[in-house]
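Spelled out, the chains give:
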Amino acid sequence: MVQSAVLGFPRMGKLRDLKKATEAYWGDKLSKEDLLAEGKRLRLEHWKIQKDAGVDIIPSNDFAYYDHVLDHIQMFNAIPERYSKHKLSTLDEYFAMGRGRQKDGIDVPSLEMVKWFDSNYHYVKPTFQDDQTFKLSDDPKPVRHFLEAKDAGIVTRPVLLGPVSFLHLGKADRNQTVDPISLLDKLLPVYEQLLQELKKAGAETVQIDEPVLVFDLPSKIRNAFKPAYEKLCAVQGSSGPQLVLATYFGDVVHNFDIIDSALTNTYAFHVDLVRHPEQLDKVVEHLGSKQILSAGVVDGRNIWKNNMKKSVELVESAIQKLGKERVIVATSSSLLHTPHTLDNEKNLDSEVKEWFAFATEKASEVAVIAKAVTDGPASVKSELEANAKGMNNRATSKRTNNPEVKKRVDGVSKDMYERKSAFPSRYEQQKDHLKLPLFPTTTIGSFPQTKDIRIQRNRFTKGEITAEEYEKFIEKEIRDCIAIQDELQLDVYVHGEPERNDMVQYFGERMDGYVFTTHAWVQSYGSRCVRPPIVVGDISRPAPMTVKESQYAASVSKKPMKGMLTGPITCLRWSFPRDDVHQSVQAMQLALALRDEVVDLEAAGIYVIQVDEPALREGLPLRSGKERENYLSWAVDSFKLSTAGVKDSTQIHSHFCYSEFQDFFHAIAALDADVLSIENSKSDAKLLKVFIDEAYPRHIGPGVYDIHSPRVPPEEEIKTRIEEMLQYLKPDQLWINPDCGLKTRQWKETKAALSNMVAAAQFFRSKYSKA
Ligand SMILES: Nc1nc2c(c(=O)[nH]1)N[C@@H](CNc1ccc(C(=O)N[C@@H](CCC(=O)N[C@@H](CCC(=O)N[C@@H](CCC(=O)O)C(=O)O)C(=O)O)C(=O)O)cc1)CN2
Ligand SMILES: [Zn+2]
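Conventions adopted
- Along each chain, the written sequence defines residue order, and numbers are assigned to residues from 1.
- Labels are handed out in written order, letters beginning with A for the chains and numbers beginning with 1 for the ligands.
- Local features in this predicted model are restricted to residues of pLDDT 70 or higher, and side-chain atom pairs are both shown and tallied only at a pLDDT of 80 or more, whereas totals for entire chains, interfaces and linings draw on every residue.
- Hydrogen atoms and water are omitted, and side-chain values are computed over all heavy atoms in the structure.
- By the criteria applied, helices consist of DSSP H or I runs no shorter than four residues and strands consist of E runs no shorter than two, each listed in order from the N terminus.
- Here the radius of gyration uses the C-alpha set of atoms, whereas the globule reference equals 2.2 Å times the residue count to the power 0.38.
- Using a 1.4 Å probe on the protein chains alone, a residue whose accessible area is under 20% of its type maximum counts as buried, one over 50% counts as exposed, and one in between counts as partly exposed.
- The Shrake-Rupley method, run with a 1.4 Å probe sphere, supplies the accessible areas, and residue values consider only the shown protein chains as cover.
- Think of it this way: one heavy atom of a residue within 4 Å of a molecule or strand is enough to make that residue near it.
- Under this definition, polar contacts are N or O atom pairs within 3.5 Å; protein pairs additionally need one hydrogen-donor-capable and one acceptor-capable atom, and for neighbouring residues in sequence, both atoms have to be side-chain atoms.
- Domain boundaries shown here were taken from an automatic or database domain assignment.
- As a rule, N, O and S atoms within 2.8 Å of a metal are its donors, except that Na, K and Ca use 3.2 Å; water is not among the atoms, so sites may look incomplete.
- For two strands to be treated as a pair, DSSP must find no fewer than two bridges joining them.
- To obtain each axis, a line is fitted to C-alpha atoms, and for helices this fit is confined to the stretch in contact; angles are then taken between N-to-C directions over 0 to 180 degrees.
- Any two residues whose heavy atoms approach within 4.5 Å are treated as being in contact.
- When two rings of Phe, Tyr or Trp (its six-membered ring) have centres within 6.5 Å they constitute a pair, described as stacked for plane angles under 30 degrees, edge-to-face for angles over 60, and tilted for the intermediate range.
- UniProt positions are given in the numbering used here, feature names are shortened, and annotations may be inferred rather than shown by experiment.
- Buried surface area refers to the total accessible area, computed with a probe of radius 1.4 Å, that the two partners give up upon joining, counted for both partners together.
- Whenever a carboxyl oxygen of Asp or Glu lies within 4 Å of a side-chain nitrogen of Lys or Arg, that contact is scored as a salt bridge.
- Surface patches are defined over residues having more than 30% relative accessible area and no salt bridge, joining like charges when they lie within 9 Å and nonpolar side chains (Val, Leu, Ile, Met, Phe, Trp, Tyr) when within 5 Å.
- In this charge count, Lys and Arg are treated as positive and Asp and Glu as negative; neither His nor the chain ends contribute.
- To locate a charge, take NZ of a lysine, CZ of an arginine, CG of an aspartate or CD of a glutamate.

Is there a simple way to think about the overall build of the chain in this case?
Along its length, the chain carries 28 helices and 23 strands. Taken against the 2.2 N^0.38 rule, which gives 28 Å for 771 residues, the C-alpha radius of gyration of the chain at 26 Å falls within 12% of a compact globule. The buried share of the chain, taken over its 771 residues, is 63%. Just so you have it, the chain exposes about 29300 Å², and 51% of that area is on carbon and sulfur atoms.

Help me out: how do you make sense of the site of ligand 1 in this one?
Residues in contact with ligand 1 amount to 23 residues; listed here are only the nearest, Lys19, Asn120, Arg457, Asp502 and Lys743. Taking Lys451, its side chain carries an N or O atom lying 3.3 Å from an oxygen atom of ligand 1. Contacts to ligand 1 include Asn501, whose backbone N or O atom sits 3.2 Å from an oxygen atom. Of all the secondary structure elements, the ones that give two or more residues to the shell around ligand 1 are helix H18 (451-461), strand S16 (522-525) and strand S17 (528-530). Both domains that furnish three or more residues to the shell around ligand 1 are identified here as domain 1 (3-9 + 16-398) and domain 2 (428-768).

Explain the coordination of the zinc ion (ligand 2) here, please?
Looking at the zinc ion (ligand 2), one finds its protein donor set to be His655 (NE2), Cys657 (SG) and Cys740 (SG), positioned 2.1 to 2.4 Å from the metal centre. For the zinc ion (ligand 2), the single-chain donor residues occur in sequence as H-x1-C-x82-C. Linking His655 in strand S21 (residues 651-656) with Cys740 in the loop between helix H27 (715-726) and helix H28 (747-770), this pair joins segments that are 85 residues apart in sequence. Each member of the pair, His655 as well as Cys740, is classed as buried.

For this particular structure, what's the right way to read unusual backbone geometry?
In terms of backbone geometry, most residues other than glycine have negative phi values and most peptide bonds are trans. Positive phi outside glycine occurs at Glu497, with the angle close to 60°. Its location among the elements puts Glu497 in the loop between helix H19 (467-488) and helix H20 (505-508). The class of Glu497 is buried, set by a relative accessible area of 8%. Backbone geometry at Asp672 places phi at a positive 65°, although glycine is not the residue there. Residue position: Asp672 is located in the loop between helix H25 (665-670) and strand S22 (675-678).

Please clarify how the sheet that holds strand S23 (residues 699-702) should be interpreted in this entry.
Sheet strands pair via backbone hydrogen bonds, and the direction of the pair is either parallel or antiparallel. Taken together, five strands build an open sheet; the order of strands is S19-S20-S21-S22-S23 and the sheet is parallel. Among the strands making up the open sheet, the edge pair consists of strand S19 (562-566) and S23. Across the sheet, the mean angle from the axis of one strand to that of its neighbour is 20°, orientation sign disregarded.

Would you explain the environment of Ala357 in this entry?
One can find Ala357 in the loop between helix H13 (350-353) and helix H14 (359-375). Expressed as a C-alpha distance, the spacing of Ala357 and Ala635, which sit 278 residues apart in the sequence, is 28 Å. In contact with Ala357, not counting residues within four places along its chain, are Asn302, Ile303, Trp304, Lys305, Lys362 and Glu365.

What is the right way to read the pairing of S22 from this model?
The side-chain alternation of S22 yields two buried faces, one formed by Val675 and Ser677 and the other by Leu676 and Ile678. Taken together, the four bridges between S22 and S23 define a ladder with parallel strand orientation. Residue pairing across strands places Val675 opposite His699, the latter belonging to S23.

Any chance you could explain the packing of aromatic side chains here in plain terms?
A ring pair, where both rings are aromatic, is described by two values, the distance of the centres and the angle of the planes. Considering all chains together, one arrives at 29 aromatic pairs under this definition. Centroid distance Trp116 to Tyr123: 5.5 Å. Interplanar angle 75°. Geometry classified as edge-to-face. For Tyr123, a relative accessible area of 3% corresponds to the buried category. Each ring, one from Phe128 and one from Phe134, has its centre 6.1 Å from the other, and the planes form 75°; the classification is edge-to-face. Pair check on accessibility: Phe128 and Phe134 agree, each one buried.

Help me out: how do you make sense of the UniProt feature "binding site: L-methionine" (unreviewed entry) in the chain in this one?
Per the UniProt record, "binding site: L-methionine" (unreviewed entry) is found at Ile444, Gly445, Ser446, Glu497 and Asp612. Of the residues just listed, which span 169 residues, no C-alpha pair is farther apart than 13.1 Å, and they cluster in one region. Relative to the helices and strands, Ser446 resides in the loop between helix H17 (423-434) and H18. Discounting chain neighbours no more than four positions away, the residues touching Ser446 are Gly496, Glu497, Gly741, Leu742 and Lys743. One can find Asp612 in strand S20 (residues 608-612). Classification of Asp612 as buried rests on a relative accessible area of 5%. Ignoring any residue separated from it by four or fewer positions in sequence, one finds Asp612 in contact with Met503, Met564, Leu565, Thr566, Gly567, Thr570, Ser654 and His655.

It is not clear to me how the domain arrangement of the chain should be interpreted in this structure. Could you clarify?
The extent of an interface is frequently quoted as the accessible surface area lost upon association of the parts. We note that the domain assignment places domain 1 (3-9 + 16-398) and domain 2 (428-768) within the chain. Each of domain 1 and domain 2 was reduced to a C-alpha centroid, and the two centroids are 32 Å apart. Between domain 1 and domain 2, the residue contacts involve 52 residues of the former and 43 residues of the latter. For the domain 1 and domain 2 pair, buried surface summed over both sides reaches about 4000 Å², with 51% attributable to carbon and sulfur atoms. Scanning the region where domain 1 abuts domain 2 turns up six salt bridges. Among the salt bridges present, the one from Lys115 reaches Glu618, with a minimum N-O distance of 2.8 Å. Across the domain 1-domain 2 interface, the total number found is 20 residue pairs in polar contact (both at pLDDT 80 or more). Those elements that place two or more of their residues in the side of domain 1 that touches domain 2 are helix H1 (17-26), strand S4 (106-108) and strand S5 (113-115). Counting residues per element, the side of domain 1 that touches domain 2 draws most heavily on H1, at four residues.

Is there a simple way to explain a positive patch on the surface in this structure?
On the surface, a cluster of positive charge is made up of Lys20, Lys29, Lys451 and Arg454. Considering the arrangement of structural elements, one finds Lys20 in helix H1.

So what exactly am I meant to see when it comes to the side chain of Ser557 here?
Assignment of secondary structure puts Ser557 in the loop between helix H21 (547-555) and S19. The exposure class assigned to Ser557 is buried, which follows from its relative accessible area of 14%. Reaching out from Ser557, the side chain makes a polar contact with the backbone oxygen of Lys559 at a distance of 2.9 Å. For Ser557, the residues in contact, after removing those within four places along its chain, are Ile482 and Tyr493.

Here you go:
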């Protein structure tokens, strides 16, 4: 019999129950016991959904209150002393690492949070000390959750992040020099112990994720796999469970030499056949003689219904070579990146609704495909027929095709990608026009999205207040936000984005070619979720999207007002893109829509325009080479096409939030933006050296403080950061700004932090103007 498997299920619950509970706990409105009880309720509900869908292999330990990598950090006791010394409860120590803590005399920033591969999920980066040791926690969570499921009558397959990925995804703590992978020998005994404890609890198989296997790995990391898996495979069977080694988001063929030896001794090997179906033959060739193939055929990263005919064919071709007993039908990755259930969507029109499958529906898909290949297609005839009908309806739908858009794309000429003059001449004109001081201060766009803003928007969406009332409310918010910027003495203002639910969803809702959902939330980090709009057809802009608010803001502001747009690549990546047209085509359509918006903003008197591209790096193919170059070429072009329509005197800003920009520095430089703001506060200022090495000519604002945490950075701390930056950047090149937008913060800490930031900038301004 061919079994079906899910690699991980979303944690938030049907109505973002986990988000609500954790936030209530943080706000002292829910007790620890109640939060833990809610977690338990959600886990049971999610296991049951998968069981009812007919899934044979259901994951456990995929649940986390904040992040699954953070769970491992705590479980292995890789907790920096600045957190452990306070003797907080396990749960509070965990949240302190995830989001920082400034309470009862404790003041610690969070650990760094970075992108999980090429997704919009963020994990907490393991942070190691030179004298790092590891120790398995008492009553480890994977064992506890396995038993919890077992008590409910569901035997699960626990999921662990593998030791090599855990180390490779981590880093040395600030001022430490340890190479994470050198800690492998110290870490392995902890994994061995954990596997043994899981086996004792009754776990027959364990899924061990080594997603870093899809990267081009440095030799040190490649060499680590053999000893690691020799050790772990030795525990297998005797005192430990069978190991299912899982990879996802890419192909692994280039790493076969390291997989060949030790890794083929694992019980099963999982590969992503959605991203790379062509790797199937090679993978089959390289499997150990008894090893089972877990075929990831149901997309864990998108919401399109599975093409079951294709999946059945692919799985059949594996079965022909391996036999039914050696194949598992699985999701390509964890379903963490998909929304909970399509059932929640009462407002989606029925034509498109039948094109989609969310996590709950995908669980059924793996079960149906497994049954089709086990008992023959006739055993799931009606499901396969319904699936084929949906596929066909989508392929022939009029909604996907807009000839006007195609015509416009075809009419794009080369000159449309370039600004009129080069930067030096643009800068002269911008200087005259904007009259900014040295070390100009600004923010990244959003100000706190207060409960009141959300409530008013919700009332407007439900029709409880009129469009006019809502508009008046937004105008008042904009005025308040400007008054605060006056008080803070910032230099370039923003309107605060109060009208936006999200920087991508807001634009998706205003463009043709998109549909959007009401409850399809996906976790982005911690308790924060996004509701990605869905690209179903050719994209165009029927009317201006942001001009009204920016123009109003400029009219009540005495300083330059920065217009705020989300760039084409970020709009694409943080939506669910269509899978029937290449992403470069979708990006180009978005770029043209945004170009019109940029030009309209300028015409409305907005002379500083920021086009955010935080997802540009995330879209970079995981392996270097042709694919990457190709991506960068169309991604950079899309940005340039969206921004190059303005006059020289209009200043184009762009914003990036992630820290690893070294490996695609040339792409950021190629965007030709006048000013860049980049997230930086959690990384070593040394990384800024690339700007010297590459003789970067334009202007930059490396973030001076972290915005993901409520902690207020003291003025001295910010000064130290700026001092460090000045070792790498010229004073007249440097802007002073936070890491990112402030929408997730409260007003109190926002004002305090910005006030310290402005004071620090003023300090350097006066220091350098005297010099
Ligand atoms: N798409 C996207 N990806 C991103 C970012 C981003 O800003 N957007 N930033 C980076 C970090 N990731 C982030 C992801 C989400 C949020 C965030 O703030 N999300 C909000 C939801 C934003 C939103 O869409 N809000 C809607 C809906 C709000 C809501 O919950 N409404 C209530 C009703 C109102 C109430 O009573 O509160 C409901 O629907 O139940 C709105 O404001 O209109 C949250 O989780 O709290 C922040 C950063 C990277 N990736
Ligand atoms: Zn940002």
